[in-house]
Amino acid sequence: MKDQSELEVLIRERLDEIKSIPARDPVVANRARARFLANAVSASKLPRHKGWSSIFRKEQFAMNMIMSVLVIAGLLFGGGATVNAAQNDLPNEPLYVLKIWSEDVSLQLQANPEAKVDRLMDLVQIRAQEMTRLIDAGEPVPDQVRLRLEQHIQDALQTCLTLDEPALDRTLLQIRDRLQDRDRDMDRLLLHTQAQDTLQLLTQTRTMLRERLHVVDDGLLNHEMFREQVRNGFSHGPADDVTPPVQNGNGQQNGQPTFAPGGPNTEPGGMNTDPNGPNNTPGGPNTDPNGPNTTPSGANLNPGGTNTNTGGNNNDSGSGAGGTDNGSGGNGSGNNRP
Amino acid sequence: MSDSTSYPVSATVSEEQKLLHLAAQLNTRALAEIYDAYSSGIYRYAMRRLGDGAVAEDCVAETFARFLKALQERRGPREHLQAYLYRIAHNWIVDFYRNNEQTFELSEALRSEADIPEDEAAKHIRQKQVRKAIRCLTPDQQNVVALKYLEDWCNEEIACVLHKPVGAIKSIQHRALKSLQKLLAETS
């Protein structure tokens, strides 16, 4: 016992050598805080799945068993056919949810990053085709399609972070070609569209595509810059307007970040924090909550564990800014994949 | 913990639960409060283990990004928020060293001690030795050593991070000290 405490004292002395650390750079700290809060704001605006997680809770074990049996039976006796049939469905059709689900599953099963990017760009094309078919049928294009298209591109660029240099070059070229194709699709659709809502949606999509094309073009010239840009997230619209909060001498923030130009943020120097409060702003700062470690599967599976895909849900491409609504997420399906 | 500044704003369990409940709804004020309460502690923890400010900042950013993502996916923590965040940070650091061991050591070596006074240089070398010795421990041992001796956590708090009983923490700690003594003797 005595040995143990002596050893502890000895080790403690050595460890004390790394205990004192230089003060944190307040500018960097403030920037990091503003980025996190901007991510939090955009996360709060994104639609989230509701109720899925409760199915998997321990206390509902019996229900789980029944569900599992039903799902397995369903898959064995016609699940494949149903999923197959769903592939042609549009957002306003009943099996569309199944189509989205099967896409997500196919992505989850994709271990090779290059193949995953390829698959994601296929999905971008599928979304564009859905837009075309809806417009041809005179139907409105739900925003969900645009958001998902944007998410696929985002995920593809995130996946690129895991590639080595030659593979990154190849993949960026492939992404560029396919984004150019989609850009042309949008041009074509814009010519044949009359509805104001759809026109706006297509214009937003085209703007986003061109911004991502720009990122990819730059990335081909400078991989490091590309990686940095993807890690830090993209700004779409007024993201640059996020200003870091003022900090006093003690390193304590005096207020919340402000998002200018102003929407009706009801709290001076703060955010609209009423969970049920109205958000009167058409769009918010669009930043990416992604960190550098983007591998979707990894060894450590504990909560928030290592190697989890932190791929963001940077779907908000609204062009407005201002109030920072933090009402709880909506009920959209398919836009918030694990 | 000895450093009172690292304590969360939400000092009580019920306050923390309330905060977590709001955070689960992605309430930005709650998230800001959580960030303000824990980010500097996480930074200090990362900095002590990594010895590099920029990488420590990356660790903080990634820790909170993963936390946010977990909340979005409705699998965020329901209790022991601090333990949860430190666990993410620890996992990130272990991963970081696993993936960047060689490049990180090289960049540390390139950060020459030639430009700094002799005693500072000696201190740097000793610090590197200590960090390297910690890295050679198992992930659990690393975590116990870092939280117990660098962050001054008690065994109960560490047990929350590692999801292990206090007895197991004590035994990990005992083995870690033995290994560390051996490793430090070797590196010195």
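**Quick word on the packing of helix α6 (residues 139-150) of chain B against helix α7 (residues 155-162) of chain B**
Residue and element names in this part refer to chain B.
Right, so step 1: For the pair α6 and α7, interaxial distance at closest approach is 10 Å and the crossing angle is 145 degrees. For the pair α6 and α7, the crossing hand works out as right-handed. Residues Asp140, Asn143, Val144, Leu147 and Lys148 of α6 form the contact with α7, whose participating residues are Asn155, Ile158, Val161 and Leu162.
Right, so step 2: Its residues assigned to classes, the contact of α6 with α7 comprises five nonpolar, two polar and two charged.

**Topic: unusual backbone geometry**
Residue and element names in this part refer to chain B.
Right, so step 1: Backbone geometry places Arg74, a non-glycine residue, at a positive phi of 55 degrees.
Right, so step 2: Note on placement: Arg74 falls in the loop between α3 (53-72) and α4 (81-110).
Right, so step 3: Within the chain, His80 stands out as a residue other than glycine whose phi angle is a positive 45 degrees.
Right, so step 4: Residue His80 is classed as partly exposed on the basis of its relative accessible area of 41%.

**Here's the deal with the environment of A:Gln229**
Right, so step 1: Its location among the elements puts A:Gln229 in helix α10 (residues 223-232).
Right, so step 2: As for A:Gln229 and A:Gly219, which are separated by 10 residues in sequence, their C-alpha atoms are 8.9 Å apart.

**Here's the deal with the packing of aromatic side chains**
Right, so step 1: Within the structure shown, the criterion is met by eight aromatic pairs over all chains.
Right, so step 2: Aromatic side chains B:Phe67 and B:Tyr84 sit 6.1 Å apart centroid to centroid with 65 degrees between the ring planes, which places their arrangement in the edge-to-face category. Of the two residues, B:Phe67 sits in helix α3 while B:Tyr84 sits in helix α4, which places them 17 residues apart along the sequence. No difference in accessibility class separates B:Phe67 from B:Tyr84, as the two residues are buried.
Right, so step 3: Arranged with centres 5.3 Å apart and planes meeting at 15 degrees, the rings of B:Trp92 and B:Phe96 form a pair that is stacked. Placement of the pair is B:Trp92 and B:Phe96 together in helix α4, with a separation of four residues, close to one helical turn. Assigned by exposure class, B:Trp92 and B:Phe96 land together as buried.
Right, so step 4: Chaining the aromatic ring pairs together yields one cluster made of A:Phe36, B:Tyr35 and B:Phe64.
Right, so step 5: Here the basic side chain of B:Arg135 rests over the ring of B:Tyr97, its NZ or CZ set 4.3 Å away from the ring centre.

**Notes on the packing of helix α6 (residues 113-136) of chain A against helix α8 (residues 165-191) of chain A**
All names here are of chain A.
Right, so step 1: Where α6 contacts α8, the two axes come as close as 10 Å, and the packing angle between them is 0 degrees. The orientation of α6 with respect to α8, classified from their angle, is roughly parallel. For the pair α6 and α8, contact is made by Glu114, Val117, Asp118, Met121, Asp122, Val124, Gln125, Ala128, Met131, Thr132 and Ile135 and by Ala167, Arg170, Thr171, Gln174, Ile175, Arg178, Leu179, Arg182, Asp185, Met186 and Leu189, respectively.
Right, so step 2: When its residues are assigned to classes, the contact of α6 with α8 shows 11 nonpolar, four polar and seven charged.

**What about the confidence of the model for chain A?**
Right, so step 1: In the predicted model, chain A carries a mean pLDDT of 69, and 58% of its residues have values of at least 70.
Right, so step 2: The low-confidence segment residues 237-338 of chain A (pLDDT under 50) makes 287 contacts with residues lying over four places distant or belonging to another chain.

**Concerning α7(B)**
An α-helical turn contains 3.6 residues, so any two residues separated by three or four positions project in the same direction.
Residues and elements named next belong to chain B.
Right, so step 1: Buried residues of α7: Asn155, Ile158, Ala159, Val161 and Leu162, and no others. Along the long axis of α7, the arc covered by the buried residues comes to 160 degrees, so they all point the same way.
Right, so step 2: After α7 finishes, the residue His163 shows a positive phi value of roughly 55 degrees.

**Comments concerning the side chain of A:Arg227**
Residue and element names in this part refer to chain A.
Right, so step 1: Along the chain, Arg227 falls in helix α10.
Right, so step 2: Judged by its relative accessible area of 8%, Arg227 falls in the buried class.
Right, so step 3: The contacts of Arg227, once residues within four sequence positions are left out, are Cys160, Leu161, Leu163, Asp164, Glu165 and Leu168.

**Here we look at the environment of A:Glu224**
Residue and element names in this part refer to chain A.
Right, so step 1: Position of Glu224 relative to the elements: it lies in helix α10.
Right, so step 2: On the basis of relative accessibility, which here comes to 49%, the residue Glu224 falls in the partly exposed class.
Right, so step 3: Taking the C-alpha atoms as reference, Glu224 lies 9.7 Å from Glu165; in sequence the two are 59 residues apart.

**As for the environment of B:Ala168**
Residue and element names in this part refer to chain B.
Right, so step 1: By the element assignment, Ala168 lies in helix α8 (residues 166-187).
Right, so step 2: The class for Ala168 is partly exposed, based on a relative accessible area of 24%.
Right, so step 3: It is 9.6 Å that separates the C-alpha atoms of Ala168 and Asn155, two residues lying 13 residues apart in sequence.

**Quick notes on α6(B)**
Residues and elements named next belong to chain B.
Right, so step 1: Between its first and last C-alpha atoms α6 spans 15 Å; for 12 residues at 1.5 Å apiece the expected length is 16 Å, and the two agree.
Right, so step 2: Most of α6 is tucked away: 10 of the 12 residues are buried.
Right, so step 3: Buried within α6 are the following residues: Gln141, Gln142, Asn143, Val144, Val145, Ala146, Leu147, Lys148, Tyr149 and Leu150.
Right, so step 4: Phi turns positive, to about 60 degrees, at Asp152, one or two residues after α6.

Cut-offs and rules
Numbering of residues starts from 1 in every chain and runs along the sequence as written. For this description, chains carry letters from A and ligands carry numbers from 1, given in the order in which they are written. Under the rules for a predicted model, residues below a pLDDT of 70 receive no local features and side-chain atom pairs below 80 are neither given nor counted, while totals for whole chains, interfaces and linings still include all residues. Side-chain metrics in this entry use all non-hydrogen atoms of the structure; hydrogen atoms and water are not considered. All axes here are fitted lines through C-alpha atoms, helices being fitted over the stretch that makes contact, and every angle between N-to-C directions spans 0 to 180 degrees. Under the scheme used here, helices are H or I runs from DSSP no shorter than 4 residues and strands are E runs no shorter than 2 residues, and both carry numbers assigned from the N terminus. Should the near helix be turned anticlockwise from the far one by less than a right angle, the crossing is left-handed, and should it be turned clockwise, the crossing is right-handed. In this analysis, two residues are considered to be in contact whenever any of their non-hydrogen atoms come within 4.5 Å of each other. Side-chain classes are defined by residue name, with Ala, Val, Leu, Ile, Met, Phe, Trp, Tyr, Cys and Pro counting as nonpolar, Asp, Glu, Lys and Arg as charged, and the others, Gly among them, as polar. Throughout this description, buried means an accessible area under 20% of the type-specific maximum (1.4 Å probe, protein chains only), exposed means over 50%, and partly exposed covers the range between. Think of it this way: a Phe, Tyr or Trp ring, Trp meaning its six-membered ring, pairs with another when their centres are within 6.5 Å, and the plane angle makes it stacked under 30 degrees, edge-to-face over 60, tilted otherwise. We call a charge positioned over a ring when the NZ of a Lys or the CZ of an Arg lies within 6 Å of the ring centre and within 35 degrees of the ring normal. What sets the label is the angle itself: under 35 degrees gives roughly parallel, over 145 gives roughly antiparallel, 65 to 115 gives roughly perpendicular, and the rest give oblique. Summary of the metric used: pLDDT quantifies the predictor's per-residue confidence within the range 0 to 100. Directions are taken from the helix axis to each C-beta atom, and the arc is the one they span. For a helix, the expected span equals 1.5 Å multiplied by the number of residues minus one.

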